[in-house]
Amino acid sequence: MAAPVVPSSFQIYNSYVEDPKWQIKFTIIWCTGVALAVAVSVPSLILGLRNGRSLKGIVGISETNGYQSAHSDGKEPPPTRRRGRRLVGAWNALISPTYWSPPKLGLNLGQIVVISAYLAAVLLCIIKDVPLISNPNRAGFIALAQFPVVFLFATKNSILSLLLGPGNGYEKLNFMHRMTGRAMFLAGCIHGSLWINNHLEYGLPILGPQKETSGVASLALLCIIVLTSLRPVRRLFYECFFVIHVLTYVAFFVTICYHTLYASPWIFPPLALYGADVLLRLFRYRIKDATLTAQDAHMTLIRVHNCDDGWLAGQHVRLRVFFSNRMFESHALTILSAPPSHSCLSSPGFLLAARNDGDWTRALNNYTRKEQERLQIDKSEGDSAAFVQVMLDGPYGGSSVDLGLYESVLLISGGSGVTFTLGLLDDIIGRCVKLGRSRGERTRRIEFTWCIRSFGQIEWFAPMLIDIATAASNSTIDLHISIFVTCLCDPEAVPHIPNSIVTLSRPSVQDFLKDFISLSPSPEKEDSAEIRFDESQKLHGSGGGVAVCASGPESLTREAQNAVARSGLTMSMDVGGIALHTELFTL
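These notes cover the structure that comes with them. Because the structure is predicted, anything quoted here is derived from the model rather than measured.

1. Quick look at the pairing of strand S1 (residues 285-294)
Relative to strand S6 (residues 386-397), S1 runs antiparallel, the two being bridged by eight bridges. Bridging from a neighbouring strand, Ala290 pairs with Val388 of S6. Taken together, the five bridges between S1 and strand S2 (residues 299-304) define a ladder with antiparallel strand orientation. Paired with Ala294 across the bridge in S2 is Thr300. Taken together, S1 and the strand that follows it, S2, pair antiparallel across an intervening segment of four residues.

Below you can see the structure in the form of structure tokens.
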């Protein structure tokens, strides 16, 4: 005779048996989501591996001579395969609604969907088939299960960045790090608050025993991590945020291991991810000589010597400048030039630019101007640069769009965001003109748009724009430069840039994109800058694809995302697809 079985309704829920099973289920769910994202990115990854973009810079900046013999741009772009471009256009049109971005949120629709799905998975695993009020351990177990995913999206050298293809660096994945951290905090709060409520209800001590005390300490540390990582705190007190963030998560690891033995298995994956990140960063560190040049009281150019290769246009580095007492601070700066092997600049090299936007950039500019004044007095020279040593960590990030695959390219930037689009412009012109379209670049037409507040800011990068425009002037590329100025300042300060137009207005990105798609290349190129207020152009259709890259303030990148999202299926297929990459580096 079989032993009697207790009905399930009378069985006591054993959280230490059942809840670890839900940790595994949750891990399977988020790993499946990551695998799906990687599967969708396989074509981009394969293409990046084929043309060398995916692994570029993985071991840091190279000192090998990257110069190559120049070629003339005698080749015409290869013919467009209309059927293939229409398929690309259909795919781009299918995903374009995910670019839509509501104001003030800092996320697009695709990111919102991903975050919502993740939160739904967390909540489902917390509340499914569990007496949560009387036994809130499930929430604690799910909080522990989020350690790996939090660190997967936190490290700068994440394997996920590599698998997702070029242009998906840590800065693009960081939104998931923030949101998964907050989801962990949510699960911890559910577990902690219900646990405290039960202890109060049954008259049990909240502080005193090791398990209870370490649990309260863990929740308090997690609360500090989340509150100090909110955007206002990060932007106003970044250095304090960084120190607090590092110290508190180390302390959190220690206290959570004291709180429960079940934390140990979930601690090792984050440690492995962090260790791999530190190891790879050691391969990317470089200490170099550099020269600083203050363009004015608001912009400092940094030329790092003996850097010939190992980066892609549009990537950025974490820069540490050894000056005054600021040698322990590192800041992200975009590389605004292509590698010397195909750069169009008269003085190619590794160039960075730092606009005064905080105490570090202001201190750097002040130091540079004082050093330049001292050198001019000592050497009686008209132009001197300040010599310093710098530490580079990188490169990271870059553009997810290979401009050479598209016949038409729209580069739009605002303010210092031009460092990103200027590097891309130098790269694509150099590939077409100096390297003779050696990789089958299709680009025929480029519109470079820069929105600034005053005419004087044009001087920051005018020499570079002149070099690039001159290189493109006798080639098969139709390059047009549009500079929009929003302040009535000094129009006489406009420099001479070939085939450029300066307009006193702020453009609508959506209207600008529509005009760009429908406008034919200019029949003749402008030879001087002029003020443009109204101009009519000829309409035409193009089927070779359109690449849009936007960089600058959040309002500008959001407007570019929404413009592409509203392009529609018909327009996208007609032009052969509209690809988008936006660059917005915020704290």
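2. Topic: the packing of helix H8 (residues 170-202) against helix H9 (residues 210-228)
With their axes 10 Å apart at the nearest point, H8 and H9 run at an angle of 145° to one another. As H8 packs across H9, the resulting crossing turns out to be left-handed. Along the contact surface, H8 presents Gly181, Arg182, Met184, Phe185, Gly188, Cys189, Gly192, Trp195 and His199, while H9 presents Glu212, Val216, Leu219, Leu222, Cys223 and Val226. Partitioning the contact of H8 with H9 into residue classes produces nine nonpolar, four polar and two charged.

3. Structural notes on a nonpolar patch on the surface
A contiguous nonpolar patch, built from Leu49, Leu55, Ile58, Val59, Tyr274, Val278, Leu279, Leu280, Leu282 and Phe283 and spanning about 880 Å² of accessible area, is present on the exposed surface. The element best represented in the nonpolar patch is helix H12 (residues 264-284), accounting for six residues. Along the chain, Ile58 falls in the loop between helix H2 (42-51) and helix H3 (82-95). Note on Ile58: relative accessible area 32%, which makes it partly exposed.

4. Some thoughts on H2
Every α-helix winds through 3.6 residues per turn, so residues three or four apart in the chain are directed the same way. Those residues of H2 that sit buried are Leu45, Gly48 and Asn51. In a view along the axis of H2, the buried residues occupy a sector of 140°, so they form one face of it. Exposed side chains of H2 directed beyond 90 degrees from the buried face belong to Pro43 and Arg50. In this structure, the buried side of H2 is in contact with helix H7 (159-163). Gly52, located one to two residues past H2, shows a positive phi value of around 80°.

5. A short note on the packing of helix H1 (residues 15-40) against helix H5 (residues 137-145)
The interhelical angle for the contact between H1 and H5, taken along N-to-C directions, is 40°, at an axis separation of 9 Å. In terms of orientation, H1 lies oblique with respect to H5. At the point where H1 passes H5, the crossing takes the right-handed sense. Only Asn137, Arg138, Phe141, Ile142, Leu144 and Ala145 of H5 make contact with H1, whose side of the interface consists of Ser15, Tyr16, Asp19, Pro20, Trp22, Gln23, Phe26 and Trp30. The class makeup of the residues in the contact of H1 with H5 is nine nonpolar, three polar and two charged.

Rules used throughout
Residues numbered from 1 in each chain as written. Predicted model: local features only at pLDDT ≥ 70, side-chain atom pairs only at ≥ 80, totals over all residues. Heavy atoms only, no water. Pairing = 2+ DSSP bridges. Helix = DSSP H or I, 4+ residues; strand = E, 2+ residues; numbered from the N terminus. Axes fitted to C-alpha atoms, helices over the stretch in contact; angles between N-to-C directions. Left-handed = near helix turned anticlockwise from the far one by under 90°. Contact = heavy atoms within 4.5 Å. Nonpolar A, V, L, I, M, F, W, Y, C, P; charged D, E, K, R; others polar. Patch = residues over 30% accessible without salt bridge, like charges linked within 9 Å, V, L, I, M, F, W, Y side chains within 5 Å. Areas by Shrake-Rupley, 256 points an atom, 1.4 Å probe, with all protein chains shown as cover. Salt bridge = Lys/Arg side-chain N within 4 Å of Asp/Glu carboxyl O. Buried < 20%, exposed > 50% of the residue type's maximum accessible area, 1.4 Å probe, protein only. Arc of directions from axis to C-beta. Parallel < 35°, antiparallel > 145°, perpendicular 65-115°, else oblique.

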